[in-house]
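# Observations on the model geometry
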Amino acid sequence: MRIVQELLFVILFGTAVYLFSRKAGQIRKNILLGRDNDLNDHPDLRWKNLLLLAFGQKKMFRNPLVAVLHFFVYAGFLIINIEILEIILDGILGQHRLFVPVLGGLYPVLIGLFEILAVLVLTGCAIFLVRRNILKLKRFISKDLDGWPRSDANYILITEIVLMLLFLTMNTADQALQGRGAAHYIPTGNFWISGILTPIFAGMSDGTLEVIERGCWWLHIAGVLAFLNYLPYSKHLHIILAFPNAYYASLEPKGEMENMPAVQHEVQLMLQPELAANAPASDTMPKFGAKDVTDLTWKNLLDAYSCTECGRCTAACPANITGKRLSPRKIMMDTRDRLEEVGRNIKANNGTFTDDNKTLLRDYITEEELRACTTCNACVQECPVSINPLDIILQLRRHLVMEESSAPAEWTGMFSNIENNMAPWKFSMDDRDKWATE
Amino acid sequence: MHIKTMAEYAANGETPEVLFWVGCAGSFDQRAQKITKAFATILDKVGISFAILGKEESCTGDPARRAGNEFIFQMMAQNNIQLLNMYGVKKIVTACPHCFNTLKNEYPALGGNYEVIHHTSFLQSLIDEGRIKMQEGGSFKGKKITYHDSCYLGRANNIYEAPRKVLETLDAELIEMKRCRSKGLCCGAGGAQMFKEEEKGTNRINFERGQEAVATGASVIAANCPFCMTMLTDGVKEAGKEESVKVLDIAELIEQSMK
């Protein structure tokens, strides 16, 4: 019987890990569809960002109350993984609480800590559900989240609550069985939370308790493995990608726009024609700006997968606050949706993309949204996981203007004023220093 | 006051301490010209040798670049860099955070490397060095002032304290808006919005910000950017407070309060 359970566990665990790595590989492939962007400079600063922004969740603390709740859920989730390690080893080796003899008196202390974390995770998730569904905070009822994204958020919170309840119930049954001296349930010492809860099971037989304990054990680990495989399809992927995304976050001042060496070179040849004679002729027309996800950098695409749709960006966006269509969160969600679509297309066509007459620009993100951006960087500032929606907006704008000559009439006027009068307004160059003589 | 150009300095074989980059708004916009004059007056009073480029100055290219027109940006930038390098410019001060950002962060990639300082930081160092001395009981003493962080000085370049330190010398009561520093709300002009109508929405960004500034009860809104100046002035007007609430640049506040 034990060998059957072990075998069953190994199959379950192996399948879960296999499916997850296959999907993770697909996401990695999708991200690498983006254009190259070397972000390996200054590893010291990058590690600092990783520690402060991802591990330390520095930006979450811009709103301390929510940050503390989120930190409970995050820390709980991270630390309880140590317990998951024991559960996995128990499963593979057919043991029960393998770490008891190793850790001795430390064991109940550790489990006690995990249980406290479990209660904190539970409380945090419950409050988050209330904020989303009862208090209906503005950023959670936005139409950005209509349909799947709103359900996704609730599924995640409910799953975490269920997993924590299973963990606590399992321990309570275990403690009760230990008290009765049941076979296989080695004495561990008192667990801090479940130790108090044992009276719940007072009237039940040893057999029933064992079924409850084993049932919770299996449901808990199966739930964890299922959740692992849910991540890549969910906004919750941020629990993994927040870390690389913080590492690869831009180290430049937020005001700096990416240079376009191809245009720089063109203009150089125009202004200094004598250089043209020695310039190597290029036979490929460079593409300006971004029309689809593959024109964006891989960091933009990693951003898209790292987004957990919290909406802090949109809540701070001046255009959105004043009722314009632009929502930086939607820019990120659109980018991910389109990238997934392109990835599926490539997979279905044996590794090559087959034109589907769609692009990120227009089919997902409209000109009206792009035009409304003031480049104020509030979205970039607010994002707790180092996402830069502005960078995508600006690349799409570059495509509109340079590839399609599509700009509002006032901008076209502004361009020609700069070109002809060296100022965005129609003033004579000779009047530039008139103020100094008045 | 005669304001010398780089060309005049060069003709005499001299180099000024600093180049004052006036910018298009500072040169042509009537309201912003007052800021330009106020800042030039301060530099003159303090005895700093400075020059402007005069008719030779061109737009930095910022609005074109942010609207998506990299060609025009590159044309402006490369011309300006050629000119600045020809004059051997080392240090630039400007009263426009958009020019500041472009000159400081975007020109180096194109071969333009200068020490670029925004006028609020420049004023702070002049105050710290004791070169600017304030009048006793200046005209803003005890008045309520609220400061509007421009996006291109604040979030874009992380300069939040220098302008506030300068304002402290006025002996005024500084009141912060709820959305201040890195949480500051944009005036609505950046990213070339200054040059076009807003998209359809429920409110204008500058009305929203003007309302917030007026709600602090301040009689002065301090700005550091000529575009914010235009937007906030309109915002205050919309809130019906143009008589009681003035929008002034930090340079103007200092110029009116220094000895």
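Since the model is a prediction, treat every value here as computed from it, not as a measurement. (Residues numbered from 1 in each chain as written. Chains lettered and ligands numbered in written order. Predicted model: local features only at pLDDT ≥ 70, side-chain atom pairs only at ≥ 80, totals over all residues.)

### Focus on the sheet that holds strand β4 (residues 115-118) of chain B
In a beta sheet, neighbouring strands are held together by backbone hydrogen bonds and run either parallel or antiparallel to one another. Residues and elements named next belong to chain B. Taking strand neighbours across the sheet as the criterion, the four strands line up as β2-β1-β3-β4 in an open arrangement whose pairing is parallel. Among the strands making up the open sheet, the edge pair consists of β2 (50-51) and β4. Relative to β2, strand β1 (residues 18-21) runs parallel, the two being bridged by two bridges. Paired with V18 across the strands is F50, a residue of β2. (Pairing = 2+ DSSP bridges. Helix = DSSP H or I, 4+ residues; strand = E, 2+ residues; numbered from the N terminus.)

### So, unusual backbone geometry
For residues besides glycine, phi is generally negative; the peptide bonds are generally trans as well. We note that A:E309 has phi near 60 degrees; this positive angle belongs to a residue other than glycine. Relative to the assigned elements, A:E309 resides in the loop between α12 (298-306) and α13 (312-316). Classification of A:E309 as buried rests on a count of 24 C-beta atoms within 10 Å. Non-glycine residue B:R181 carries a positive phi angle of around 50 degrees. Tracing the chain through its elements places B:R181 in the loop between β6 (173-175) and α9 (205-215). (Buried ≥ 20, exposed ≤ 12 C-beta atoms within 10 Å, placed from the backbone.)

### So, the nonpolar core
Judged by nonpolar contacts, the single largest core of 150 residues is most densely connected at B:I221, B:A222 and B:L232. The element contributing the most residues to this core is helix α19 (residues 389-404) of chain A, with eight residues. (Core = buried A, V, L, I, M, F, W, Y, C linked by C-beta atoms within 7 Å.)

### A look at the sheet that holds β6(B)
Residues and elements named next belong to chain B. Taken together, the four strands give an open sheet; going across it, the order is β6-β5-β7-β8, and neighbouring strands pair in parallel fashion. Here the strands that pair on one side only, and so sit at the sheet edges, are β6 and β8 (246-249). Strand-to-strand twist across the sheet, computed as the mean angle between neighbouring axes with direction ignored, equals 35 degrees. In this sheet, strand β7 (residues 220-223) lies alongside strand β5 (residues 144-147) in parallel orientation, the contact comprising three bridges. Within the sheet, the bridge partner assigned to I145 lies in β7 and is V220. (Axes fitted to C-alpha atoms, helices over the stretch in contact; angles between N-to-C directions.)

### Side note on the UniProt feature "transmembrane region" (unreviewed entry) in chain A
All names here are of chain A. Mapped onto this numbering, the UniProt entry gives "transmembrane region" (unreviewed entry) at residues 6-21, 65-89, 109-131, 152-170, 182-203 and 215-233. With 100% helix and 0% strand, the stretch residues 109-131 has end C-alpha atoms that lie 33 Å from each other. The span residues 182-203 carries 18% helix and 0% strand; its end-to-end C-alpha distance comes to 15 Å. (UniProt positions renumbered as here; feature names shortened; annotations may be inferred.)

### Focus on the domain arrangement of chain B
Residues and elements named next belong to chain B. Domain boundaries in chain B define domain 1 (6-124) and domain 2 (134-257). Relative to domain 2, the C-alpha centre of domain 1 lies at a distance of 23 Å. Each partner contributes to the interface: domain 1 provides 26 residues, whereas domain 2 provides 26 residues. Going through the elements one at a time, α2 (23-28), α3 (30-46), α4 (62-67), α6 (97-106) and α7 (119-128) are the ones with two or more residues in the side of domain 1 that touches domain 2. Residue contributions to the side of domain 1 that touches domain 2 peak at eight residues, all from α3. (Domains from an automatic or database assignment. Contact = placed C-beta atoms within 7 Å.)

### Quick notes on helix α20 (residues 409-421) of chain A
With 13 residues, α20(A) extends 18 Å from end C-alpha to end C-alpha; this agrees with the ideal 18 Å at 1.5 Å per step. When we look at burial in α20(A), the residues that qualify are A:W411, A:M414, A:F415, A:N417, A:I418 and A:N421. Summarising the contacts, the buried residues of α20(A) are in contact with α4 and α5 (70-86) of chain B. Among the residues trailing α20(A), A:M422 stands out with phi positive, at a value near 65 degrees. (Expected span 1.5 Å × (residues − 1).)

### With respect to the domain arrangement of chain A
All names here are of chain A. When the domains of chain A are assigned, the result is domain 1 (2-236) and domain 2 (261-275 + 286-429). Listed per partner, the contact involves 23 residues of domain 1 and 26 residues of domain 2. Elements represented by at least two residues in the side of domain 1 that touches domain 2 include exactly α1 (2-31) and α6 (138-141). When grouped by side-chain class, the residues that make up the side of domain 1 that touches domain 2 number nine nonpolar, seven polar and seven charged. (Nonpolar A, V, L, I, M, F, W, Y, C, P; charged D, E, K, R; others polar.)

### Notes on the environment of B:K45
Position of B:K45 relative to the elements: it lies in helix α3. As a C-alpha pair, B:K45 and B:F140 span 95 residues in sequence and 20 Å in three-dimensional space.

### A short note on the interface of chain A and chain B
If you look at the interface, chain A gives 54 residues, while chain B gives 55 residues. The set of elements that each furnish at least two residues to the side of chain A that touches chain B consists of α11 (261-271), α14 (318-321), α17 (367-371), α18 (378-382), α19 and α20 of chain A. For the side of chain A that touches chain B, the element with the highest residue contribution is α20(A), accounting for six residues. Here the residues of the side of chain A that touches chain B are counted per class, giving 30 nonpolar, 11 polar and 13 charged.

### Some remarks on the pairing of β1(B)
As defined by bridge partners, β1(B) adjoins strand β3 (residues 91-94) of chain B across three bridges and the pair is classed as parallel. Following the sheet pairing, B:F20 is matched in β3(B) by B:V93.

### Re the UniProt feature "domain: Cysteine-rich" (unreviewed entry) in chain B
Here the UniProt-annotated "domain: Cysteine-rich" (unreviewed entry) positions come out as residues 18-104 and 145-232 of chain B. Measuring from the first to the last C-alpha atom of residues 145-232 of chain B gives 14 Å, for a span that is 30% helix and 11% strand.

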